[in-house]
Amino acid sequence: MNVFVAEFVGTSLLLAMGSGVVANVVLNKTKGFNSGWIVITTAWALGVFIGVVVAGPYSGAHLNPAVSIGLALAGDFEWMLVPKYVLAQVLGAMFGSGIAWLVYKDHFDATDDPGLKFAPFGTVPAIRNLPSNLLSEMVGTSVLIIVILYSTGPVLEDGRNTPIGLGSLGALPVAFLVWVIGLSLGGTTGYAINPARDLGPRIMHQLLPIKGKGSSDWGYSWVPILGPILGAAVAAGIYLLLGVGGMV
């Protein structure tokens, strides 16, 4: 397990769970059909949890180009590692969404609406207003990155603040963070807040032989890529401007 493999596997797990829950909720004849937004946001958050549990000890579990770029802009991550991380994240997102498609293939075939067939792969705004959609992605990602930058690990009260490892439980805070962003800010665009999470699956939607599929909506695809990157830059700028931070 090296950093590339860790980011690939962690992001694959995230997307298998994330694409999987959307498929479960929107595709015909599933057990979870029409179970709603709470189910979707909860599973995405728990998908983050399991991805971080697996990848965290080896790569820091960014699982998101906006996280890698935001940490690099804040001076907490080496720029030379960013391309490797981003490539692993995009490929992992492609693989994970492909797994979800295989699992739910019969239900994709049983669904007639091309829009519902696309939903497990890419985000679509509730109201298409590109400047507003871009702002939504920026704000959601800014919240994600600024909280990550200011997160601190538990320490032992021994006068030296010796760090205490929480093991897998250390993945819970970021899972809760993604959960609340989805519940509070995700209703406008579907809260990509992660360029790999949208781009990788969108590519898979384009490539896979999905019966009756429609457009992959490439005209919108730049929003969930640029918005999170700009949001990460804003968060890093705030972090550096205030000059006080915690440990990632």
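In what follows, the structure referred to is the one given above.
Definitions and limits used
- Residues numbered from 1 in each chain as written.
- Predicted model: local features only at pLDDT ≥ 70, side-chain atom pairs only at ≥ 80, totals over all residues.
- Heavy atoms only, no water.
- Helix = DSSP H or I, 4+ residues; strand = E, 2+ residues; numbered from the N terminus.
- Rg over C-alpha atoms; globule rule 2.2 N^0.38 Å.
- Buried < 20%, exposed > 50% of the residue type's maximum accessible area, 1.4 Å probe, protein only.
- Contact = heavy atoms within 4.5 Å.
- Areas by Shrake-Rupley, 256 points an atom, 1.4 Å probe, with all protein chains shown as cover.
- Lys, Arg positive; Asp, Glu negative; His and termini not counted.
- Charge placed at Lys NZ, Arg CZ, Asp CG, Glu CD.
- Salt bridge = Lys/Arg side-chain N within 4 Å of Asp/Glu carboxyl O.
- Phe/Tyr/Trp six-rings, centres within 6.5 Å; stacked < 30°, edge-to-face > 60°.
- Patch = residues over 30% accessible without salt bridge, like charges linked within 9 Å, V, L, I, M, F, W, Y side chains within 5 Å.
- Expected span 1.5 Å × (residues − 1).
- Polar contact = N/O pair within 3.5 Å; in protein donor to acceptor, adjacent residues only side chain to side chain.
- Axes fitted to C-alpha atoms, helices over the stretch in contact; angles between N-to-C directions.
- Parallel < 35°, antiparallel > 145°, perpendicular 65-115°, else oblique.
- Left-handed = near helix turned anticlockwise from the far one by under 90°.
- Nonpolar A, V, L, I, M, F, W, Y, C, P; charged D, E, K, R; others polar.
- Core = buried A, V, L, I, M, F, W, Y, C linked by side-chain atoms within 4.5 Å.

Enquirer: Outline the overall build of the protein, listing residues and values.
Expert: The helix and strand inventory of the protein stands at 10 helices and two strands. Across the protein, helices and strands are ordered from the amino to the carboxyl terminus as α-α-α-α-α-α-α-β-β-α-α-α. The C-alpha radius of gyration of the protein comes to 18 Å, within 12% of the 18 Å expected for a compact globule of 248 residues. Along the longest, intermediate and shortest principal axes, the C-alpha atoms of the protein span 65 × 35 × 30 Å. Residues counted as buried form 47% of the 248 residues belonging to the protein. Across the protein, every contact between residues at least 6 apart in sequence was considered, and the portion connecting residues at least 24 apart equals 77%. Of the accessible surface of the protein, which amounts to about 11400 Å², a share of 70% is contributed by carbon and sulfur atoms. Looking at the protein, you have 11 positive and 12 negative side-chain charges, and the mean spots of the two groups are 11 Å apart.

Enquirer: Give a detailed account of the pattern of salt bridges, specifying residues and quantitative values.
Expert: A side chain of one charge can pair with a side chain of the opposite charge when the charged atoms of the two come close. Enumeration over the complete set of coordinates arrives at three salt bridges. Between lysine 105 and aspartate 109 there is a salt bridge, with its nearest N and O atoms 3.0 Å apart. Of this pair, lysine 105 and aspartate 109 both sit in helix 5 (residues 105-109), separated by four residues, roughly a single helical turn. With its nearest N and O atoms 2.6 Å apart, the salt bridge here joins arginine 128 to aspartate 217. Residue arginine 128 is located in the loop between helix 6 (114-118) and helix 7 (130-150), and its partner aspartate 217 is located in the loop between helix 9 (195-207) and helix 10 (223-242); the two are separated by 89 residues in the primary sequence. Judged by its relative accessible area of 47%, arginine 128 falls in the partly exposed class.

Enquirer: Mind laying out the packing of aromatic side chains, listing which residues take part and the relevant values?
Expert: Under the definition given, this model contains six aromatic pairs. Arranged with centres 5.2 Å apart and planes meeting at 75°, the rings of tyrosine 150 and tyrosine 239 form a pair that is edge-to-face. Within this pair, whereas tyrosine 150 is found in helix 7, its partner tyrosine 239 is found in helix 10, the two being separated by 89 residues in sequence. Note on tyrosine 150: relative accessible area 29%, which makes it partly exposed. Consider the rings of phenylalanine 176 and tryptophan 179, whose centres lie 6.0 Å apart with planes at 35°: the pair is tilted. Taken as a pair, phenylalanine 176 and tryptophan 179 lie in helix 8 (residues 172-185) at a separation of three residues, close to a single helical turn.

Enquirer: A description of the environment of glycine 98 should follow, citing residues and the corresponding values.
Expert: Turning to its location among the elements, glycine 98 is positioned in helix 4 (residues 82-103). Look at glycine 98 and you get buried, because its relative accessible area is 8%. Residues glycine 98 and alanine 43, 55 residues apart in the sequence, show an inter-C-alpha distance of 17 Å.

Enquirer: Kindly report on a nonpolar patch on the surface, identifying the contributing residues and their values.
Expert: Together, Leu135, Val139, Val143, Val147 and Leu185 make up an exposed nonpolar region whose accessible area comes to about 350 Å². In this fold, leucine 135 is placed in helix 7.

Enquirer: Requested: an account of helix 9, with residues and values cited.
Expert: Its 13 residues give helix 9 an end-to-end C-alpha distance of 18 Å, which sits within 8% of 18 Å, the value for a rise of 1.5 Å per residue. Three or more residues of helix 9 are buried, namely Pro195, Ala196, Arg197, Asp198, Gly200, Pro201, Arg202, Met204 and His205. The inward-facing, buried residues of helix 9 contact helix 1 (3-26), helix 2 (37-59), helix 3 (65-73), helix 4, helix 6 and helix 10. Looking at where helix 9 begins, the residue whose side-chain oxygen comes 3.0 Å from the main-chain nitrogen of alanine 196 is asparagine 194.

Enquirer: Residues and numbers for the packing of helix 4 against helix 9, please.
Expert: Following both chains from N to C, one finds helix 4 and helix 9 inclined at 55°, their axes separated by 8 Å at the closest point. When the interaxial angle is binned, helix 4 and helix 9 end up oblique. In the crossing of helix 4 with helix 9, the sense of the turn from one axis to the other is right-handed. Contacts from Gln89, Val90, Ala93, Met94, Ser97 and Gly98 in helix 4 reach Ala196, Arg197, Gly200, Pro201, Ile203 and Met204 in helix 9. Classifying every residue of the contact of helix 4 with helix 9 gives seven nonpolar, four polar and one charged.

Enquirer: Account for the nonpolar core, naming residues and giving values.
Expert: With 52 residues, the main nonpolar core has Val21, Trp44, Phe108, Phe121, Leu144 and Ile145 as its most contacted residues. Elements that contribute at least two residues to this core include exactly helix 1, helix 2, helix 3, helix 4, helix 7, helix 8, helix 9 and helix 10. Examining the composition of this core, we find that eight residues originate from one element, helix 1, more than from any other. Excluding its chain neighbours within four sequence positions, the residues that come into contact with phenylalanine 108 are Leu27, Trp101, Lys117, Pro120, Phe121 and Ile210.

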